[in-house]
Amino acid sequence: MSLDVSPKLLAEAEHGDIREQDFVDTVRTSLPYAYDLIASLAAELKGGTAEFTDNQTPPPSEKERGQLLRALASDAIRGSLERHFGVTLAFQNCHRVAAFRPEVRDGQTYARFTSVRAQVLNQSPEFRDC
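A quick note: this is a predicted structure, and the numbers were derived from the prediction, not measured.

Asks: I'm lost on the pairing of strand 3 (residues 96-100) in this one. Help?
Replies: In summary, the side chains of a regular strand alternate between the two faces of the sheet. Counting buried positions over the 5 residues of strand 3 gives 5, a clear majority of the element. In this structure, strand 2 (residues 88-92) lies alongside strand 3, joined through 5 bridges in antiparallel fashion. Paired with Q92 across the two strands is R96, which belongs to strand 3. Counting the residues in the hairpin turn of strand 2 and strand 3 gives 3 residues, including N93, whose phi is positive at 40 degrees.

Asks: Can you walk me through the confidence of the model for the chain in this structure?
Replies: The predicted structure's coordinates, where accompanied by low pLDDT, should not be read in detail. Averaged over all residues, the pLDDT of the chain is 89; the fraction at 70 or higher stands at 90%. Ranking the helices and strands of the chain by mean pLDDT puts helix 3 (residues 32-46) first, with 98, and helix 7 (residues 116-121) last, with 70.

Asks: Help me out: how do you make sense of the nonpolar core in this one?
Replies: Across soluble globular proteins, nonpolar side chains show a tendency to be buried alongside one another. Counting 23 residues, the largest nonpolar core has I77 and L81 as its most contacted members. Among the secondary structure elements, those contributing two or more residues to this core are helix 2 (20-30), helix 3, helix 4 (62-73), helix 5 (75-85) and strand 3. In terms of residues, this core owes the most to one element, helix 3, which gives 8 residues. Discounting residues that sit within four places of it in the chain, L81 has contacts with V27, Y35, I38 and A71.

Asks: Explain helix 5 to me, please; I cannot follow it from the model alone.
Replies: One turn of the α-helix equals 3.6 residues, which is why residues spaced by three or four share an orientation. Residues of helix 5 that are buried include every one of I77, G79, S80, L81, E82 and F85, and no others. Looking at the packing, one finds that the buried side of helix 5 touches helix 2, helix 3, helix 4 and strand 2. At the exit of helix 5 stands G86, carrying a positive phi of roughly 70 degrees.

Asks: Can you walk me through helix 4 in this structure?
Replies: The end-to-end C-alpha distance of helix 4, which contains 12 residues, comes to 16 Å, matching closely the 16 Å that a straight helix rising 1.5 Å per residue would cover. Within the sequence span of helix 4, burial applies to E64, R65, G66, Q67, L68, A71 and L72. Considering only its buried residues, helix 4 is in contact with helix 2, helix 3, helix 5, strand 2 and strand 3. The N-terminus of helix 4 is capped by S61, whose side-chain oxygen sits 3.2 Å from the backbone nitrogen of K63.

Procedures and definitions
- Residues numbered from 1 in each chain as written.
- Predicted model: local features only at pLDDT ≥ 70, side-chain atom pairs only at ≥ 80, totals over all residues.
- Heavy atoms only, no water.
- Buried < 20%, exposed > 50% of the residue type's maximum accessible area, 1.4 Å probe, protein only.
- Helix = DSSP H or I, 4+ residues; strand = E, 2+ residues; numbered from the N terminus.
- Pairing = 2+ DSSP bridges.
- pLDDT = per-residue confidence, 0-100.
- Core = buried A, V, L, I, M, F, W, Y, C linked by side-chain atoms within 4.5 Å.
- Contact = heavy atoms within 4.5 Å.
- Expected span 1.5 Å × (residues − 1).
- Polar contact = N/O pair within 3.5 Å; in protein donor to acceptor, adjacent residues only side chain to side chain.

Quick look at the structure:
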């Protein structure tokens with residue numbers, strides 16, 4: 001299971017829409033490694049002038065890697081985090097997540113990062129089982 005959903009949030013969802021902030025809070029408490037990593041990338045991005053910031057450090061364990069994979073594999077989680085932090089996320093291999101300024105999504109830097117060429121160049125044997 002990806003998220004630890006409170007009975008209150010589940011009841012709200014069963015009766016209609018929920019507040020996105022409540023969903024983001026559930027992501028924050030359920031997937032703290034992924035949330036904190038994305039929060040730090042967003043803060044670094046907002047504090048600088050680069051088009052993007054990225055993480056190239058592997059997670060400390062498979063538990064944290066699993067959190068990151070679950071967060072980025074879900075359209076709802078990923079989209080909520082992007083809106084919450086005001087970034088566009090991109091993902092390569094098992095842990096290289098990048099936060100882009102939303103306005104550069106149609107630019108060359110984003111296109112290069114998300115290209116099949118970049119994906120191939122960011123592979124190595126240690127990533128095969130992650």
